Amino acid sequence: MSHTREVPKIAKHDDTRINDEITATRCRLIGVDGSQLGLFGIRDAQRVADEQGLDLVEIAPNADPPVCRVMDYGKFKYQQAMKAKQARKNQSRVEVKEMKFRPKIDVGDYETKKGHVLRFLKKGARVKVTIMFRGREMAHPEQGLNVLERLSADLKDVATVESQPKLEGRNMIMLLAPIKGAFDEKPAKGESKSQA
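Every chain is numbered independently, its residues counted from 1 as its sequence is written. Residue-level local features of this predicted model are given only where pLDDT is at least 70; pairs of side-chain atoms are given and counted only at 80 or more, and the full residue set underlies all totals for whole chains, interfaces and linings. Only hydrogens and water are set aside; all other atoms, that is, all heavy atoms of the structure, feed into the side-chain values.

## Concerning the confidence of the model for the protein
Residues shown with low pLDDT carry predicted positions that ought not to be read at fine detail.
At step 1: For every residue, the predictor states its confidence as a pLDDT score lying anywhere from 0 to 100. The share of residues in the protein with pLDDT of 70 or more is 83%, and the mean pLDDT across the chain is 81.
At step 2: Considering only residues more than four positions removed or in separate chains, one finds that residues 7-12, a stretch of pLDDT under 50, has twelve contacts.
At step 3: Any two residues whose heavy atoms approach within 4.5 Å at even a single point are treated as in contact. In the predicted structure, residues 186-196 sits below a pLDDT of 50 and forms one contact with residues beyond four places in sequence or in another chain.

## Concerning the pattern of salt bridges
Pairing is possible between side chains of opposite charge, provided their charged atoms come close.
At step 1: Salt bridges are defined by distance alone: a side-chain nitrogen of Lys or Arg within 4 Å of a carboxyl oxygen of Asp or Glu. Using the criterion set out here, one finds seven salt bridges in the structure.
At step 2: Residue Arg47 is joined to Asp44 by a salt bridge in which the shortest nitrogen-to-oxygen separation is 3.0 Å. Remark: Asp44 and Arg47 occur in helix H1 (residues 42-51); sequence separation between them is three residues, near one turn of the helix.
At step 3: The buried label goes to any residue with under 20% of its type's maximum accessible area, the exposed label to any with over 50%, and the partly exposed label to all in between, with areas taken from a 1.4 Å probe on protein chains only. Judged by relative accessible area, Arg47 falls into the partly exposed class, the value being 46%.
At step 4: Asp44 sits in the partly exposed class, given a relative accessible area of 33%. Only DSSP runs of H or I with at least four residues qualify as helices, and only runs of E with at least two residues qualify as strands; both kinds are numbered from the N terminus onward.

Set out below in structure tokens:
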């Protein structure tokens, strides 16, 4: 009496062939532990996988002969999904915030907006600084340039100018990026060690 186990079908969203989907007649078989088992006819390889209660997965379909591996396909897919999720989590998303200024900005407004830019930089975001010109202000773009140069000089300790000021239509744009480590030099008393 032959003992065969019915291998459940697994929902797949990729083009990996497993078990009876493999069309090759022979394959190079790799065991569960990663050891090379040699060349097998596809039915024999499937029997090896079935005896261990595992799946036969085609991992290199373009090789000659194709390479198949004995593994728990469901567990493998789960681990792949977890790795991808972790990689996405670890990926740093760089935000670009925008701060708009006018060429004839008042000192108080300038200081307030500079504070906002500083806060964005502290959070690790890049800041797009836009000078908006209206009407006849376009006749004096140097006033906008002066504001941008003043801002970059005020923030030179914590930010670098990633793209120099340039005029685009009625706006003058400059991109600031935070300098790595510029904000971690002065930890608040008692905070740095207790939260580490």
